[in-house]
Amino acid sequence: MTAAPPPSRPTPGDPPSTPDATAESATGAAAPGTGTAAPGSPGAPASGTRPPAPREAAAGPARPAGTASGAARQPAPARPGSGGRGVRAATPLSDEDRGRLLAGAHHDPHALLGAHPVRGGLLVRTLRPFASGVTVLADGLRAELHPEGDGLFAGVLPLRTVPEYQLLVDYGESAATVHDPYRFLPALGELDLHLFGEGRHEQLWQALGAHVMDHQGVTGTRFTVWAPNAQGVRVVGNFNYWDGTGHPMRSLGSCGVWELFLPGLGEGELYKFEITRPDGSRTVRADPMARRTECPPATASVVHTSRHRWQDDDWMAHRGRRPVHQAPFSVYEVHLASWRPGLTYRQLAAQLPAYVKDLGFTHVEFMPVAEHPFGGSWGYQVTGFYAPTARMGTPDDFKFLIDALHRAGIGVLMDWVPAHFPRDDWALAEFDGRPLYEPQDPSRAAHPDWGTLEFDYGRTEVRNFLVANAVYWCEEFHIDGLRVDAVASMLYLDYSREDGGWTPNVNGGRENLDAVAFLQEMNATVYRRCPGVVTIAEESTAWDGVTRATHHVGPGGFGGLGFGLKWNMGWMHDSLGYVSKEPVHRKYHHGEMTFSMIYAYSENYVLPISHDEVVHGKQALVSKMPGDWWQQRANHRAYLGFMWAHPGKQLLFMGQEFAQGAEWAESHGPDWWLLDPSYEAEPDHRGVRDLVRDLNRHYVATPALWERDTEPAGFQWIDGDASEDNVFSFLRFAADGAPLVSVTNFSPVVRHAYRTGVPDDVPAWREVLNTDAPRYGGSGVANPDPVKTETVPWNGRTSSVSLVLPPLATIWLRPA
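Given the structure is predicted, the values throughout are model-derived calculations rather than measurements. (Residues numbered from 1 in each chain as written. Predicted model: local features only at pLDDT ≥ 70, side-chain atom pairs only at ≥ 80, totals over all residues. Heavy atoms only, no water.)

Caption draft 1: Looking closely at the overall build of the chain. Regarding its fold elements, the chain presents 17 helices and 36 strands. The 816 residues of the chain split such that 59% are buried. Of the contacts formed within the chain by residues at least 6 apart in sequence, a portion of 73% connects residues at least 24 apart. With the model as given, the accessible surface of the chain reaches about 30300 Å², and the carbon-plus-sulfur share is 51%. (Helix = DSSP H or I, 4+ residues; strand = E, 2+ residues; numbered from the N terminus. Buried < 20%, exposed > 50% of the residue type's maximum accessible area, 1.4 Å probe, protein only. Contact = heavy atoms within 4.5 Å. Areas by Shrake-Rupley, 256 points an atom, 1.4 Å probe, with all protein chains shown as cover.)

Structural data, given as structure tokens:
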């Protein structure tokens, strides 16, 4: 649509205009190239057509947040004598200001639009694309503005002060009385801007993004975004048909934050930011701070106000009463979208807590839930760091699920991915036309393994974005722990890079000093603000001090990273390598099972059998085991018994609790049909699940298995060198000295009268768990009666017991 030329403008000193003297009306076409539509959202109006009036709220008394902006409303009749007489034409904008404003490249549209005292009156100017006329309404005043072309309307009113005015916007077939966004002061405080500039805004989500609020007595939504390299930023959304011409934002000082309060907009509106890059081109971006998004593949951000009322006060008050490394910690890892495919968060809340509680796990761990465009990434390529994925519901629905788990007594951990982000051109990559969240150097920004971009941990605002994000999930969603993904890729400048493909740090080393500082700040901030929360590192190297306090400097000269726990990737790799061997060959790999105890107390460990170990050709846990089906299940059960008794916390991925034979795939999730009673082999799978339930039940009830996980005094080998027998035996001790004996026979033969050294102060022992029990699918070889301690020296001890060791099985003994 081509705009009509602006009317002739009277020069200063001309007689005041009257409504009847108004020159021809301009159609006010939008600036070309604006209004790119988000996928799944209404598009920009086609050329040559007049769109419906933008959905704007009727002015007047403030409505409750979130109400629909609704239909147009005709104004009340004007008072006598207020028909617009006395409105003078305004001095036109300079060509530069006009061009920048219409091009979306003006840093301060509020200086041009809105109401401003001038010599001889009050200048009111508004930018209303596609309007045929605009009238200012105030107490006792009705003043029609002069069209200036391109959707601009202006006039000088005979007023000395700025009233609380509204605009009657006429679109020909409809009209609406609305508040003028450009009459409002900034809705973001100077303290927020200062803290963000310092990188210390620990609740950044309350400052940036979209927030429904009451501002100067009017309800609307404040939009704020960080885009320091932009020439200009405009808000686009379904409320303006993805044409941001009429909604340019203002830059708030030198911090790079842009702001606009849009009265009348509430919860549920779709929006993005249209950014004019330094080169003058435009890009339309989702809000990095959006707390809700459209469901992929749609990519718009959604204005959100939480209405959830938490019911987990008791859980939150008591979750930190015992340090996590001295508490039972048995984790069921879940990919929510595929655990029961098709279920929403609220439907999951009706099933997952009961299932996890029945199996006795103390915690669940969700694979990443932050919004991500590609489901096949399992959530590890995040575009919406502050929004739970919309695939299963709203943020409040996700809170409902966490609430249900807490009320069932189950802690909630969440995978968190601050190591990298994807290159989607509507998300973070070169957000405002230049590298912003990623380093300036392209070779440093590119993640060599995943085709993604790394964060610039040395940039204050980026570090603030990530630290606040960690706090956000813990404070707003009551998350009990963050498992931080891919820590090793953050710590090393040469991670997966060839010689010559990386630049040493200022000390000539390979450590990423900015990433170290970020992780230390994140951990210190989370532990200070969120009592009872634990952070867990997925770190696969021998970095010193991953779980050491940040103020304790180690031999390498670095303070600890400050994590609470660390995944023991070495134990996982070595133990799986051992059990995958045929029993006849295991004696040659015996040290792979004992090596973990050499470094077991260097960090606070989690023993992970995670999703990574049961996909992409690695086989499910039971399928890694050698032998026939019976032997595979027996190995599987023996391994779990060994794992639950080993120092460290436990983590088991879904499907492995019932010995699923197929690898996991996010497209269909666990093979629940294996537990259908009509399936012939159902007892085999149910038996393994029953074992997992009993392992957890005994584990929680036995402080020896968790109370001194991080203390060398809590563990003693009985015999760690029985390689010819494929047997591992050791003691665990509680804080009060109460012992538990664990013996694992990784041979497919029964070992009768197998003598084992034990403490001499326990007169008899009873078998409390046997993975070869018939109810688990085993052969039933057991020690049914209490076993008496004999004064027969063995394994370097003065006393011993004679046991029957079942084939491919683990047994636990406690004092009778």
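Caption draft 2: Just the nonpolar core, in detail. Counting 176 residues, the largest nonpolar core has Phe223, Leu336, Phe366 and Trp473 as its most contacted members. A total of 10 residues in this core trace back to one element, the largest contributor, which is helix H9 (residues 460-476). Beyond its immediate chain neighbours, meaning those up to four positions away, tryptophan 473 contacts Val369, Ala370, Phe385, Tyr386, Ala387, Pro388, Phe398, Met414, Trp416, His478, Ile479 and Leu482. With 19 residues, the next largest nonpolar core counts Val134, Leu145, Leu167 and Tyr171 among its residues. (Core = buried A, V, L, I, M, F, W, Y, C linked by side-chain atoms within 4.5 Å.)

Caption draft 3: Representation of the pairing of strand E5 (residues 146-149) within the structure. In the sheet, E5 pairs with strand E6 (residues 152-157) via 3 bridges, with the strands oriented antiparallel. Following the sheet pairing, glycine 149 is matched in E6 by leucine 152. (Pairing = 2+ DSSP bridges.)

Caption draft 4: Quick peek at the packing of helix H6 (residues 352-359) against helix H17 (residues 682-701). At a minimum axis distance of 7 Å, the contact between H6 and H17 shows a crossing angle of 70°. In terms of axis orientation, H6 runs roughly perpendicular to H17. Between H6, through Tyr355, Asp358 and Leu359, and H17, the contact on the second element is made entirely by Arg689, Val692, Arg693 and Asn696. Grouping the amino acids of the contact of H6 with H17 by side-chain chemistry returns 3 nonpolar, 1 polar and 3 charged. (Axes fitted to C-alpha atoms, helices over the stretch in contact; angles between N-to-C directions. Parallel < 35°, antiparallel > 145°, perpendicular 65-115°, else oblique. Nonpolar A, V, L, I, M, F, W, Y, C, P; charged D, E, K, R; others polar.)

Caption draft 5: Inspection of the packing of aromatic side chains at higher detail. Evaluated as defined, the whole model comprises 48 aromatic pairs. Relative to phenylalanine 477, the ring of tyrosine 472 lies with its centre 5.5 Å away and its plane at 75°, an arrangement referred to as edge-to-face. What makes tyrosine 472 buried here is its relative accessible area of 3%. Taking the centre distance of 5.4 Å and the plane angle of 40° together, the rings of phenylalanine 658 and tryptophan 672 count as tilted. Within this pair, whereas phenylalanine 658 is found in the loop between strand E28 (649-653) and H17, its partner tryptophan 672 is found in the loop between E28 and H17, the two being separated by 14 residues in sequence. Between arginine 183 and the ring centre of phenylalanine 184, over which it is positioned, the NZ or CZ distance is 4.4 Å. (Phe/Tyr/Trp six-rings, centres within 6.5 Å; stacked < 30°, edge-to-face > 60°. Lys NZ or Arg CZ within 6 Å of the ring centre and 35° of its normal.)

Caption draft 6: Seen up close, the sheet that holds strand E17 (residues 330-334). The parallel closed barrel is built from 8 strands, whose spatial order is E17-E18-E21-E24-E25-E26-E27-E28. Across the sheet, the mean angle from the axis of one strand to that of its neighbour is 25°, orientation sign disregarded. Examined bridge by bridge, strand E18 (residues 363-366) and strand E21 (residues 411-416) share 4 bridges and lie parallel to one another. Within the sheet, the bridge partner assigned to valine 364 lies in E21 and is valine 412. Strand contacts of H6: E17 and E18, with the helix running at about 145° to E17, the strand carrying the most contacts.

Caption draft 7: Quick peek at the pattern of salt bridges. Going through the model one piece at a time under the given rule, you end up with 38 salt bridges. Where glutamate 96 meets arginine 100, a salt bridge forms, and the shortest distance between an N and an O atom there is 3.9 Å. Pair noted here: glutamate 96 and arginine 100 are both in helix H1 (residues 95-102), with a separation of 4 residues, about one helical turn. Residue aspartate 709 pairs with arginine 732 through a salt bridge whose shortest N-O separation is 2.9 Å. Pair noted here: aspartate 709 is in the loop between H17 and strand E29 (715-719) and arginine 732 is in strand E30 (residues 727-733), with a separation of 23 residues, a long-range link. Note on accessibility: aspartate 709 and arginine 732 belong to one class, buried. One network of salt bridges, with partners in common, ties together Glu202, Glu475, Arg528 and Arg529. (Salt bridge = Lys/Arg side-chain N within 4 Å of Asp/Glu carboxyl O.)

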